[in-house]
Amino acid sequence: MKRTSQYDQENKFTTLLLKWNREQNTRKMPWKGEKDPYKIWLSEIILQQTRVEQGLNYYNNFIKTFPDVHKLAKAPDKKIFKLWEGLGYYTRCRNLIVTARYISKELNGKFPGTYEEIKALKGIGPYTAAAIGSFAFNLPHAVIDGNVFRVLARIFGINKPADSTDGKHFFTELANKLLDKKQPGLFNQAIMDFGAVVCKPAAPFCTKCIFKNNCIAFLNNKVNELPIKKKKNSIKKRWFYYLIMEYKNEIVIRQRKEKDIWLQLYEFPMIEAVKESDQKNILQQAEKKGWLEKKNYKAIAISRLIKQQLSHQLIVGQFIQIRINQKPALKNDWLWTTKNKIGKYAFPGIINQYLKAKVRP
Ligand code: SF4
């Protein structure tokens, strides 16, 4: 295997990266160069597990609606969730609310300025703390995201899985060793940009790359093999059958309160099945639960199967549209809303797919 010495590599890495950043980096993002820790924090939370292209509009909407942390802290949960709708990983949104209220109330709106204090905030791990710390306060901590893992794994020919504990530790140490301590924010942004626009996951621009004479993966034809990933977790399949219970212009919805996916989002009354089921079976179960009364309803349509892929689960949903003859008393946490007002509630993606399709109620 062709190798340049690790020492040479490390020495050259930072110099070449910053040279690339100065001369060739044209990547633009609204939060780039931003010094306001509130805006940096918002962008980093939105970008956790989200592609930049997808997160951009959300970032702009949040900044427009809540220009400072006090405005975000004062907003009702429902409004914040609605703005977050479609971004997924809703725990981020819940943590965002808790942290905004903590900073606004307990810290008088002043974002903490040390790495340990930032990391102690809800929803902030080592990566986000390093990003906020380096961008807003020039703290010397390297960021380690998917881009950074990939760039380092390829250039240094590292065979450790980036998502293992050992791998994370190794990459963190290396990135911190390489970090330009005088300009950590600039270095962190440069390495992430480089991974996003040059050393991309697929079809990186190797022949034009500033590292092509030093990159172990390129010199050894191993670009497609690095970084190494641990085996994927198995995906659990779940079947959600939603009852669209309509009385005149009204529909029943409820808020999810269980310790499960989509906590605090809204949904239609739902029956979960362990395997694929059919309308007859689901309606029988709904009657048994006392949700529907025989002779007081009519099933008028059933949707096609709609799927939503989550990181560890595949949700398969189907929607049964039901017309109710006499308005029944509602179950504890159910509420009536009208078709016009349904857009005010934040729903999981699978329900929005249904609502946007032709089969909408
Ligand atoms: S040569 Fe290719 S694999 Fe190596 S750093 Fe450059 S783009 Fe990435």
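Structure's up top.
Structural notes, computed from the coordinates.

Definitions and limits used
Residues numbered from 1 in each chain as written. Predicted model: local features only at pLDDT ≥ 70, side-chain atom pairs only at ≥ 80, totals over all residues. Heavy atoms only, no water. Salt bridge = Lys/Arg side-chain N within 4 Å of Asp/Glu carboxyl O. Buried < 20%, exposed > 50% of the residue type's maximum accessible area, 1.4 Å probe, protein only. Helix = DSSP H or I, 4+ residues; strand = E, 2+ residues; numbered from the N terminus. Polar contact = N/O pair within 3.5 Å; in protein donor to acceptor, adjacent residues only side chain to side chain. Near = heavy atom within 4 Å. Nonpolar A, V, L, I, M, F, W, Y, C, P; charged D, E, K, R; others polar. Core = buried A, V, L, I, M, F, W, Y, C linked by side-chain atoms within 4.5 Å. Contact = heavy atoms within 4.5 Å. Axes fitted to C-alpha atoms, helices over the stretch in contact; angles between N-to-C directions. Parallel < 35°, antiparallel > 145°, perpendicular 65-115°, else oblique. Left-handed = near helix turned anticlockwise from the far one by under 90°.

1. Some thoughts on the pattern of salt bridges
Line of reasoning, step 1. A full pass over the atoms with the stated rule returns 19 salt bridges.
Line of reasoning, step 2. Glu 225 is the salt-bridge partner of Lys 222, the closest N and O atoms lying 3.6 Å from each other.
Line of reasoning, step 3. Residue classification places Lys 222 among the partly exposed residues on the basis of a relative accessible area of 27%.
Line of reasoning, step 4. Between Lys 294 and Glu 287 there is a salt bridge whose closest N-O contact spans 3.2 Å.
Line of reasoning, step 5. On the accessibility criterion, Glu 287 (22% relative accessible area) is partly exposed.
Line of reasoning, step 6. One connected set of salt bridges, linked through shared partners, spans Arg 238, Arg 254, Arg 256, Glu 258, Asp 260, Glu 267, Glu 272 and Asp 333.

2. A closer look at helix 9 (residues 146–156)
Line of reasoning, step 1. Counting buried positions along helix 9 gives 10 out of 11 residues, so the element sits mostly inside the fold.
Line of reasoning, step 2. Burial in helix 9 covers these residues: Asn 147, Val 148, Phe 149, Arg 150, Val 151, Leu 152, Ala 153, Arg 154, Ile 155 and Phe 156.
Line of reasoning, step 3. Where helix 9 begins, one side-chain oxygen reaches toward the backbone nitrogen of Asn 147, 3.1 Å away; that side chain belongs to Asp 145.

3. A few points about the site of the ligand
Line of reasoning, step 1. As a matter of local geometry, the ligand sits amid Arg 154, Ile 155, Cys 199, Pro 204, Cys 206, Cys 209, Cys 215, Phe 218 and Val 223.
Line of reasoning, step 2. Looking at the shell around the ligand residue by residue, the classes come out as 8 nonpolar, no polar and 1 charged.

4. Observations regarding the nonpolar core
Line of reasoning, step 1. Ranked by internal contacts, the top residues of the largest apolar core, which has 98 residues, are Phe 13, Trp 41, Leu 152 and Phe 268.
Line of reasoning, step 2. When neighbours within four sequence positions are excluded, Phe 13 is seen to be in contact with Val 151, Leu 152, Ile 155, Phe 156, Leu 178, Phe 187, Ile 191 and Phe 211.
Line of reasoning, step 3. Grouped together as the second largest cluster of nonpolar side chains are 21 residues, Tyr 241, Val 252, Ile 282 and Ala 286 included.

5. So, the environment of Phe 205
Line of reasoning, step 1. Inspection of the secondary structure assignment puts Phe 205 in the loop between helix 11 (184–197) and helix 12 (216–219).
Line of reasoning, step 2. Since its relative accessible area comes to 45%, Phe 205 is described here as partly exposed.
Line of reasoning, step 3. When residues no more than four places from it in sequence are discounted, the contact partners of Phe 205 are Val 197, Val 198 and Lys 200.

6. Focus on unusual backbone geometry
Line of reasoning, step 1. In this structure, Pro 227 follows Leu 226 across a cis peptide bond, with omega equal to 0 degrees.
Line of reasoning, step 2. Within the element layout of this structure, Pro 227 appears in the loop between helix 12 and strand 1 (236–247).
Line of reasoning, step 3. If you check the backbone angles, Trp 262 has positive phi at about 65 degrees while not being a glycine.
Line of reasoning, step 4. Looking at the secondary structure, you find Trp 262 in the loop between strand 2 (250–255) and strand 3 (266–267).

7. Notes on the packing of helix 8 (residues 126–137) against helix 11
Between two packed helices, the angle of one axis relative to the other and the distance separating the axes together describe the packing.
Line of reasoning, step 1. Remark: helix 8 packs on helix 11, axes separated minimally by 7 Å, with the N-to-C direction vectors making an angle of 125 degrees. Our classification of the angle between helix 8 and helix 11 gives oblique. Where helix 8 crosses over helix 11, the two elements pack in a sense that is left-handed. Contacts from Tyr 127, Ala 130, Ser 134 and Phe 135 in helix 8 reach Pro 184, Gly 185, Asn 188, Gln 189 and Met 192 in helix 11.
Line of reasoning, step 2. Classifying every residue of the contact of helix 8 with helix 11 by side-chain character gives 5 nonpolar, 4 polar and no charged.

8. A word on the side chain of Arg 238
Line of reasoning, step 1. With respect to the element layout, Arg 238 can be found in strand 1.
Line of reasoning, step 2. On the accessibility criterion, Arg 238 (7% relative accessible area) is buried.
Line of reasoning, step 3. For Arg 238, the side chain forms a polar contact with the side chain of Asp 260, separated by 2.8 Å.
Line of reasoning, step 4. Within polar-contact distance, the side chain of Arg 238 engages the side chain of Glu 272 at 2.8 Å.
Line of reasoning, step 5. Ignoring any residue separated from it by four or fewer positions in sequence, one finds Arg 238 in contact with Asp 260, Ile 261, Glu 272, Gln 313, Leu 314, Ile 315 and Val 316.

9. As for the packing of helix 9 against helix 11
Line of reasoning, step 1. The geometry of helix 9 relative to helix 11 is characterised by a closest axis approach of 8 Å and an angle of 80 degrees between their N-to-C directions. The angle between helix 9 and helix 11 places the two elements in the roughly perpendicular class. Contacts between helix 9 and helix 11 involve Asn 147, Val 148, Arg 150, Val 151 and Leu 152 from the first element and Ile 191, Met 192, Phe 194, Gly 195 and Ala 196 from the second.
Line of reasoning, step 2. A per-class count over the contact of helix 9 with helix 11 returns 7 nonpolar, 2 polar and 1 charged.

10. A short note on the environment of Lys 181
Line of reasoning, step 1. Examined against the element boundaries, Lys 181 turns out to sit in the loop between helix 10 (165–178) and helix 11.
Line of reasoning, step 2. The spatial distance from the C-alpha of Lys 181 to the C-alpha of Arg 150 is 22 Å, given a sequence separation of 31 residues.
Line of reasoning, step 3. Filtering out sequence-adjacent residues up to four positions away, Lys 181 remains in contact with Pro 140 and Asn 176.
Line of reasoning, step 4. Side-chain polar atoms of Lys 181 contact the backbone oxygen of Asn 176, separated by 2.7 Å.

11. Remarks on the environment of Leu 56
Line of reasoning, step 1. If you trace the backbone, Leu 56 turns up in helix 3 (residues 52–65).
Line of reasoning, step 2. Residue classification places Leu 56 among the partly exposed positions, given a relative accessible area of 29%.
Line of reasoning, step 3. Once the C-alpha coordinates of Leu 56 and Gly 113 are considered, the two residues, 57 residues apart in sequence, prove to be 26 Å apart.

12. A few points about the side chain of Ser 43
Line of reasoning, step 1. Relative to the helices and strands, Ser 43 is located in helix 2 (residues 37–47).
Line of reasoning, step 2. What makes Ser 43 buried here is its relative accessible area of 1%.
Line of reasoning, step 3. Those residues within four positions of Ser 43 in sequence are excluded, and the remaining contacts are Trp 31 and Tyr 59.

Scope: geometric values only; no functional claims are made or implied.
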